[in-house]
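Okay, here's what each chain looks like letter by letter:
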Amino acid sequence: MAKNHVEEFRGDLKEFHEMTEKFYAGEVTVPQYKSFSGGFGSYAQRGGERSMLRLRLTGGEIDREDLQFIVDAIKRHRIDRVHLTTCQSVQFHDLTKETVCQLIEEAFDHGIITRGGGGDYPRNVMCSPLSGVEAGECFDVMPYAKEAADYALGLIHTVKLPRKLKICFENGVRNDTHATFRDMGFIACKDGTFLVYVAGGLGSNPKMGVQVAEGVEPSRILYYIRSMVDMFTEYGEYEKRAASRSRYLQNTLGVDGIRNVFAEKLAHNLAQGGLDIQAATEEITKTGDGTIHDSRVIPQKQDGLYAVAYHPCGGNVSTDFFDRLLGVIRRMEAVRVRITPDEGMYIINLTAKEAKAVLQVTDDGAQTLFERSVACIGAATCQVGIGKSQELLAACLNRVKQENFADGVLPQIHISGCPSSCSAHQIGTIGMRGGKKPTPEGPKFSFAVYEGGCPAFGEEQFGTDLANILEEDIPEFLVTLGRAVAEKGMTYEQFRANYPERVREIAGQFG
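An account of the accompanying structure is given in this report. (Residues numbered from 1 in each chain as written. Predicted model: local features only at pLDDT ≥ 70, side-chain atom pairs only at ≥ 80, totals over all residues. Heavy atoms only, no water.)

With that settled, the discussion passes to the overall build of the chain. The helix and strand tally for the chain stands at 15 helices and 20 strands. A principal-axis box enclosing the C-alpha atoms of the chain has dimensions of 65 × 60 × 50 Å. Accessible surface, the chain as shown: approximately 20800 Å² in total, 47% of it carbon and sulfur. Distance between charge centres in the chain, computed from 57 positive and 68 negative side chains, equals 3 Å. (Helix = DSSP H or I, 4+ residues; strand = E, 2+ residues; numbered from the N terminus. Areas by Shrake-Rupley, 256 points an atom, 1.4 Å probe, with all protein chains shown as cover. Lys, Arg positive; Asp, Glu negative; His and termini not counted. Charge placed at Lys NZ, Arg CZ, Asp CG, Glu CD.)

This next bit is on the sheet that holds strand S16 (residues 374-375). Strand order in the open sheet formed by five strands is S16-S17-S18-S19-S20, and the pairing between neighbours is mixed. Both outer strands of the open sheet, S16 and strand S20 (464-470), are each paired with one neighbouring strand and no more. Examined bridge by bridge, strand S18 (residues 430-437) and strand S19 (residues 444-451) share eight bridges and lie antiparallel to one another. Each bridged residue has a counterpart across the sheet, and for Arg 433 the counterpart in S19 is Ala 448. Sheet strands touched by helix H12 (residues 389-401): S16, strand S17 (413-416), S18 and S19. Its angle to S17, the strand with the most contacts, is close to 150°. (Pairing = 2+ DSSP bridges. Contact = heavy atoms within 4.5 Å. Axes fitted to C-alpha atoms, helices over the stretch in contact; angles between N-to-C directions.)

We now examine the nonpolar core. One finds Val 90, Phe 92, Phe 322, Met 345 and Ile 347 to be the most contacted residues of the largest nonpolar core, which totals 60 residues. Ala 145, Met 184, Leu 222 and Leu 275 belong to the second largest nonpolar core, which has 45 residues in total. (Core = buried A, V, L, I, M, F, W, Y, C linked by side-chain atoms within 4.5 Å. Buried < 20%, exposed > 50% of the residue type's maximum accessible area, 1.4 Å probe, protein only.)

With that settled, consider the side chain of His 311. Looking at the secondary structure, you find His 311 in the loop between strand S12 (306-310) and strand S13 (316-317). What makes His 311 buried here is its relative accessible area of 4%. Of note is the side chain of His 311, whose polar atom sits 2.6 Å from the backbone oxygen of Asp 342. Within the local environment of His 311, its side chain forms a polar contact with the backbone oxygen of Arg 372, the two atoms lying 3.3 Å apart. Residues within four places of His 311 in sequence aside, it is in contact with Asp 342, Glu 343, Gly 344, Gly 365, Ala 366, Glu 371, Arg 372 and Ser 373. (Polar contact = N/O pair within 3.5 Å; in protein donor to acceptor, adjacent residues only side chain to side chain.)

This brings us to the packing of aromatic side chains. Going through the model one piece at a time under the given rule, you end up with 16 aromatic pairs. With 4.4 Å between their ring centres and 10° between their planes, Phe 23 and Tyr 33 make a pair best called stacked. Taken together, the positions of Phe 23 in helix H2 (residues 13-24) and Tyr 33 in helix H3 (residues 30-37) put the pair ten residues apart, joining distant regions of the chain. Looking at Tyr 33, the relative accessible area reads 1%, which means it is buried. (Phe/Tyr/Trp six-rings, centres within 6.5 Å; stacked < 30°, edge-to-face > 60°.)

In this section: the sheet that holds strand S1 (residues 42-44). In spatial order, the strands read S1-S2-S5-S4-S13; together these five strands make up an open sheet with antiparallel pairing. Bordering the open sheet on either side are S1 and S13, each of which pairs with just one other strand. Where strand S4 (residues 82-84) and strand S5 (residues 90-95) come together, three bridges link them in antiparallel fashion. Counterpart to His 83 in the pairing with S5 is Gln 91.

Turning our attention to the side chain of Gln 302. On the secondary structure map, Gln 302 appears in the loop between strand S11 (297-299) and S12. Taking relative accessible area as the criterion, Gln 302 reaches 14% and is therefore assigned buried. Residue contacts for Gln 302: discarding those within four places in its chain leaves Gly 132, Val 133 and Ile 284.

For Ile 70, the position within the fold is in helix H4 (residues 64-77). Residue classification places Ile 70 among the buried residues on the basis of a relative accessible area of 1%. Leave out the neighbours within four places in its chain, and Ile 70 touches Leu 55, Ile 62, Val 90, Phe 92 and Phe 322.

To continue, consider the packing of H2 against helix H5 (residues 97-110). Where H2 meets H5, the axes come as close as 10 Å, and the angle between the chain directions of the two elements is 170°. Relative to H5, H2 is oriented roughly antiparallel. Here H2 contributes Leu 13, Phe 16, His 17, Thr 20, Glu 21 and Tyr 24 to the contact with H5, which in turn contributes Lys 97, Val 100, Cys 101, Ile 104, Glu 105 and Phe 108. Looking at the contact of H2 with H5, its residues break down into seven nonpolar, two polar and three charged. (Parallel < 35°, antiparallel > 145°, perpendicular 65-115°, else oblique. Nonpolar A, V, L, I, M, F, W, Y, C, P; charged D, E, K, R; others polar.)

Those residues of helix H11 (residues 352-361) lying buried are Ala 352, Glu 354, Ala 355, Val 358, Leu 359 and Val 361. The elements touched by buried residues of H11 are S11, S12, helix H10 (321-329) and strand S15 (345-350).

This next bit is on the layout of surface pockets. The gaps of empty space that remain are located by a probe, the size of a water molecule, rolled over the atoms. Space inside the second largest pocket adds up to approximately 1100 Å³. In terms of lining residues, the second largest pocket is bounded by 44 residues, among which Asp 176, Asp 342, Leu 369, Arg 372 and Gln 412 are the most central. Counting residues per element, the ones that place at least two in the lining of the second largest pocket are S12, S15 and helix H14 (492-498). Element by element, the count of residues in the lining of the second largest pocket is highest for H14, at three residues. When grouped by side-chain class, the residues that make up the lining of the second largest pocket number 17 nonpolar, 18 polar and nine charged. (1 Å grid on protein atoms, 1.4 Å probe; cavity = no way out; pocket = protein on both sides within 12 Å on 5 of 7 lines; lining within 4 Å. Points joined across faces, edges and corners; volume = space filled by probe spheres on them.)

Of the two faces of strand S14 (residues 336-339), the one holding Arg 336 and Arg 338 and the one holding Val 337 and Ile 339 are both buried throughout. Sheet topology places strand S3 (residues 61-62) next to S14; two bridges connect them, and they run antiparallel. By the bridge assignment, Ile 62 is partnered in S14 with Val 337. Note that S14 and S15 share four bridges and pair antiparallel. The residue of S15 that forms the bridge with Val 337 is Ile 347. Hairpin connection of S14 to S15: five residues between the antiparallel strands, including Glu 343 at a positive phi of 70°.

Our next topic: unusual backbone geometry. The phi torsion at His 178 lies on the positive side, around 65°, for a residue other than glycine. Residue placement: His 178 occurs in the loop between strand S7 (167-170) and strand S8 (184-188).

Another aspect to go through is the environment of Asp 120. Position of Asp 120 relative to the elements: it lies in the loop between H5 and strand S6 (126-127). The exposure class of Asp 120 is partly exposed, given its relative accessible area of 23%. Along the primary structure Asp 120 and Asp 80 are separated by 40 residues, whereas in three dimensions their C-alpha atoms are 29 Å apart. Once you skip the residues sitting within four places of it in the chain, Asp 120 turns out to touch Leu 161, Pro 162, Arg 163, Lys 164 and Arg 241.

Here it is in structure tokens:
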């Protein structure tokens, strides 16, 4: 992270400390504090007695020095809850007033900026987690994500956005970061250029993105980001917060209008000049010998090197995990951690021998597709949450484990505690959104269940409503569905393709 940004934002921390003191003294309300503190990557948790802090980590990348900082922070402040987010960040939870104020200073001292980690700002820039090492990728997009992140930080003091702006980069393989339906997505092509999509997003009134450019030279990406910012600030909604996200530009400008306005802004910015970049791709010179085969090991495009996948339940990492991982990789050359958009991580650039050691230290994570399910932090922690996403996921995992289903019988599910879609429930094979449902005994917590969502390139679609199921019944719904799939000797995807009406029938039994 550029040190000039650290110094640029350090002066803001005085105001953060003052407002945090006022909040915990009861001098400002929860909404007032939320609207302020979010811009520093921090929010008060439900109940207002503790805070969280979100680290800004471009592309979710953590090197050994960053890992050491995380380990030291957890130990020094006795942090007992750490969460990996769907925007490739690390969140520290249950922080006291004193801890959050000290920790944000320490993060800045280390070079990790939390500014813009929340609030109405350019957020953490996302990137394909295996960029640079993935077989079949078009090219390494991580250097461009880092350039974009540096530029976006520079906008925080100079531009007032209507709402947050999420930018992501895809290496052209899977669409892990949802580049075709984010506020702004850059997608690598085989010819070394980018496709650019804008004005997409999940949540209320979700929209697929609008393609506004193709054949974009990587050296010119900042012109496109500036043009998106200019369009959003001129035509975005500043008064009605619910309509302030960039996807609502599709309602006000229309698809053709977005393309025309974007083209006008781009022409102006190109004429102005000054935003060309030269991003150097990191060359991995490390080599390895030997082979290793495991369902969590991915061969890299570099001969003899591997990545190991690790997915803790619900993205919740045990407090000693980072310390144990650092102890294993400390002397391994070029090894890095990449947080994934589904609350997991990859440890990359490993030899076969190193991968074996990393497998051992990560053996407490998910072993099946279903166990890699995603859940937002949920209403027990989040101020705006309705459903307790993490508790529901834990109940589902515990119940399903008793059935001993084969891998693939149940898919990865996505659980959001409210319509905000922080778990991306709208594009999950099965997605769930927290709410309440009327019953003869009065309203009870429930989850609206969606089915058939897909983020893959060329197959993007939002899930359709399946049923509204009481929270207490969802584990049995999944078990009943899994039994039906297992009886056919199929995976869930095969079952759904052959018996789509059966999925709906089973959901209807519970909804």
